[in-house]
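Below, each chain spelled out in residue letters.
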Amino acid sequence: MKKIFTIFAALIISASMFAEDAVVEALETTGSSAAEPLASDDAAPLSFTEEPMEEEVVEDEAFLELLKTALLPELHPLDKENGAPPEHIAISFISDEEIAKPEVERFRKMYLSPKWSALLRGYLESAMEYRLFVRKAVSDRQMPEMLEYLPVVESNYKTSAKSRSGAIGMWQFMANSVWPFLTLNDFVDERLDPWKSTDAALRKLTDNYNIFNDWLLAIGAYNCGVGAMNRAIKRAGGVKDFWYLAENGYLSKQTAEYVPKLIAIADLAINSEYYGIDIPNHKEEYELLENEKNGNFDYLTVHKAYSINQLAQEMRMDAATLKRLNPSYTMGMTHPSKASEIRLPLGMKQSAEDALANLTPVEFPFKYTVVAGDSLWSISRKYKTSVSAICELNGIKENAILKIGKILYIPSK
């Protein structure tokens with residue numbers, strides 16, 4: 001009997017080693033090349049290349065008969081307690097039929113490839129600070145949970161992202177689409193503020209939903225605009241169905257792919273265990289929702305121009321931290337004549353008030369337009385101020401090259 005178990009164990013080890021070699025070789029020979037925006041539907045299936053064995057294996061009938069009576073470990077069907085394969089979790093407002101749509105499957109295949117799954121993991125991990133805040137904001141408004149992943153489609157969750165068309169921020173607002181949701185002027189660009197722009201984006205999406213009474217149309221309209229979506233519906237004879245509009249050419253290619261891409265990313269993120277993809281676990285992440293991730297801050301309201309950098313120095317805190325919490329002040333200071341809120345780490349309001357009492361607000365009576373031949377040094381000499389003061393006020397570096405027509409704010413002496 002010992003001899004039988006010895007032979008049986010040797011066979012199992014040999015088979016395991018053979019399978020492992022085959023898998024390793026397959027991974028080495030099927031690595032992905034640079035991915036296209038969409039994975040091809042007719043891509044060749046993955047194959048495993050096997051090396052020829054040195055000698056032919058012949059079944060031993062006597063051994064197989066003895067094996068039937070051997071004392072082997074008892075096998076049980078997999079269950080939840082013993083590690084059953086995870087079930088697919090439904091996504092609110094999305095049907096099983098929509099999850100299985102070919103348009104969605106193409107993006108799912110793309111993000112399941114080694115290159116794109118690694119990129120997706122990076123996007124989701126680096127955005128944790130803002131993404132979990134977005135999740136809570138979406139949940140509080142009882143909106144579709146997949147909206148947490150819309151900034152991945154828009155900007156890969158980059159708060160300073162800028163598109164070729166001029167859209168800015170995590171939610172990619174155009175300058176002509178900020179009103180009435182966000183403030184945009186010479187001193188403030190709230191498109192760069194991930195917290196305020198999240199509130200604005202969700203308000204805009206809610207407005208879209210109230211117009212179309214359909215979440216997929218509302219999300220599609222976030223991309224192409226309400227006017228374009230209404231025109232598409234009108235051309236389709238009044239049909240208010242995103243899939244019909246997309247599949248029959250009533251929407252632009254960008255908008256037709258926008259919604260399927262979002263659904264695919266949300267499906268992979270919410271069902272990462274089901275698909276076996278190594279990205280942050282959607283369910284476990286929610287337990288980390290606290291402090292900054294929950295949007296908990298203190299605020300200080302001022303009515304003059306105060307330097308964020310000087311305030312941080314007076315508070316004895318890292319200036320980069322305070323600037324990160326207040327990215328909308330594009331010139332590094334609050335607005336000179338309108339009420340401005342300075343976002344602070346929780347528990348630091350009193351420290352900020354004490355620091356503010358020791359600061360002098362920035363005064364700048366002049367607005368200068370750069371002309372040919374100007375330099376920061378010549379402008380500073382003209383207005384009897386310093387180059388560093390002009391740079392801090394205008395958010396530029398001392399070695400910056402000035403473009404003709406650029407407007408500079410000049411501080412008082």
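Residues numbered from 1 in each chain as written. Predicted model: local features only at pLDDT ≥ 70, side-chain atom pairs only at ≥ 80, totals over all residues. Heavy atoms only, no water.

Draft legend 1. Examining the overall build of the protein chain more closely. Scanning the protein chain from N- to C-terminus turns up 19 helices and 4 strands. The buried share among the 413 residues of the protein chain stands at 41%. Expressed as a percentage of contacts within the protein chain between residues at least 6 apart in sequence, the contacts between residues at least 24 apart total 66%. A total of about 23,900 Å² of accessible surface is found on the protein chain, and carbon and sulfur atoms cover 53% of it. (Helix = DSSP H or I, 4+ residues; strand = E, 2+ residues; numbered from the N terminus. Buried < 20%, exposed > 50% of the residue type's maximum accessible area, 1.4 Å probe, protein only. Contact = heavy atoms within 4.5 Å. Areas by Shrake-Rupley, 256 points an atom, 1.4 Å probe, with all protein chains shown as cover.)

Draft legend 2. Molecular detail of the pattern of salt bridges. All chains considered together, the criterion is met by 15 salt bridges. Two residues, glutamate 125 and arginine 121, come together in a salt bridge whose shortest N-O distance is 2.9 Å. Of this pair, glutamate 125 and arginine 121 both sit in helix α5 (residues 114–126), 4 residues apart, which is roughly one turn of that helix. A residue is classified by how much of its surface remains accessible, and glutamate 125, at 39% relative accessible area, is partly exposed. On the accessibility criterion, arginine 121 (28% relative accessible area) is partly exposed. (Salt bridge = Lys/Arg side-chain N within 4 Å of Asp/Glu carboxyl O.)

Draft legend 3. Up close: the environment of valine 138. Mapped onto the elements, valine 138 comes out in helix α6 (residues 128–140). Taking relative accessible area as the criterion, valine 138 reaches 2% and is therefore assigned buried. In sequence terms valine 138 and leucine 202 are 64 residues apart; their C-alpha atoms lie 7.5 Å from each other.

Draft legend 4. Molecular detail of the packing of aromatic side chains. All told, the structure shown has 13 aromatic pairs when counted by the stated rule. Geometrically, the ring pair formed by tyrosine 368 and tyrosine 383 is edge-to-face, given 5.9 Å between the ring centres and 70 degrees between the ring planes. Linking tyrosine 368 in strand β3 (residues 366–369) with tyrosine 383 in the loop between α18 (376–382) and α19 (387–394), this pair joins segments that are 15 residues apart in sequence. Taken together through their ring pairs, the aromatic side chains of Tyr130, Trp195, Phe297 and Tyr299 make up a single cluster. Sitting over the ring of phenylalanine 297, arginine 343 keeps its end group 5.4 Å from the ring centre. (Phe/Tyr/Trp six-rings, centres within 6.5 Å; stacked < 30°, edge-to-face > 60°. Lys NZ or Arg CZ within 6 Å of the ring centre and 35° of its normal.)

Draft legend 5. Structural view of the packing of helix α4 (residues 102–112) against helix α12 (residues 253–270). Taken N-terminus to C-terminus, the directions of α4 and α12 make an angle of 50 degrees; their axes are 8 Å apart at the nearest point. When the axis of α4 is compared with that of α12, the two are oblique. Between α4 and α12 lies a crossing whose hand is right-handed. Facing Glu103, Val104, Phe107, Arg108, Tyr111 and Leu112 of α4, the residues of α12 in contact are Glu257, Pro260, Lys261, Ile263, Ala264, Ile265, Asp267 and Leu268. Across the contact of α4 with α12, the residue classes break down as 9 nonpolar, no polar and 5 charged. (Axes fitted to C-alpha atoms, helices over the stretch in contact; angles between N-to-C directions. Parallel < 35°, antiparallel > 145°, perpendicular 65-115°, else oblique. Left-handed = near helix turned anticlockwise from the far one by under 90°. Nonpolar A, V, L, I, M, F, W, Y, C, P; charged D, E, K, R; others polar.)

Draft legend 6. Here's a closer look at helix α15 (residues 308–315). Along α15, the residues that are buried comprise Ile308, Leu311, Ala312 and Met315. With its buried residues spanning 100 degrees around the axis, α15 presents them on a single face. Elements in contact with the buried residues of α15: α16 (319–325), β2 (340–344) and α17 (349–356). The N-terminus of α15 is capped by serine 307, whose side-chain oxygen sits 3.3 Å from the backbone nitrogen of asparagine 309. Phi for arginine 316, located one or two positions after α15, is positive at around 60 degrees. (Arc of directions from axis to C-beta. Polar contact = N/O pair within 3.5 Å; in protein donor to acceptor, adjacent residues only side chain to side chain.)

Draft legend 7. The arrangement of the environment of isoleucine 404 in detail. Structurally, isoleucine 404 is set in the loop between α19 and β4 (407–410). Of the residues examined, isoleucine 404 reaches a relative accessible area of 65% and is grouped as exposed. For the pair formed by isoleucine 404 and alanine 372, sequence separation is 32 residues and the distance between their alpha carbons is 6.0 Å. Setting aside residues up to four positions removed in sequence, isoleucine 404 forms contacts with Val370, Val371 and Ala372.

Draft legend 8. Region of the structure containing the nonpolar core. Formed by 68 residues in total, the largest nonpolar core has its most connected members in Met146, Leu150, Trp171, Phe173, Leu205, Ile219 and Ile263. In terms of residue count, the dominant contributor to this core is α12 (11 residues). When neighbours within four sequence positions are excluded, leucine 150 is seen to be in contact with Trp171, Leu205, Ile219, Tyr222, Tyr258 and Leu262. (Core = buried A, V, L, I, M, F, W, Y, C linked by side-chain atoms within 4.5 Å.)

Draft legend 9. Up close: α5. Between the first and last C-alpha of α5 there are 18 Å, a value that for 13 residues agrees with the 18 Å anticipated at 1.5 Å per step. For α5, the complete set of buried residues consists of Trp116, Ser117, Leu120, Tyr123 and Leu124. All buried residues of α5 fall inside an arc of 120 degrees around its axis, so they share one side. (Expected span 1.5 Å × (residues − 1).)

Draft legend 10. Representation of the packing of α15 against α17 in the model. Running from N to C, α15 and α17 point in directions that differ by 110 degrees, and their axes come no closer than 9 Å. Considered as vectors, α15 and α17 are oriented roughly perpendicular to each other. From α15, Leu311, Glu314 and Met315 reach across to α17, where they touch Ser351, Ala352, Ala355 and Leu356. Grouping the amino acids of the contact of α15 with α17 by side-chain chemistry returns 5 nonpolar, 1 polar and 1 charged.

Draft legend 11. Summary view of the environment of alanine 320. Among the secondary structure elements, alanine 320 is positioned in helix α16. The spatial distance from the C-alpha of alanine 320 to the C-alpha of isoleucine 308 is 9.5 Å, given a sequence separation of 12 residues.

Draft legend 12. Quick peek at the pairing of strand β1 (residues 298–302). Taking every second residue as pointing to the same face, the buried face of β1 carries Asp298, Leu300 and Val302, while none of Tyr299 and Thr301 on the other face is buried. Examined bridge by bridge, β1 and β2 share 5 bridges and lie antiparallel to one another. Bridge pairing links tyrosine 299 to arginine 343 in β2. (Pairing = 2+ DSSP bridges.)

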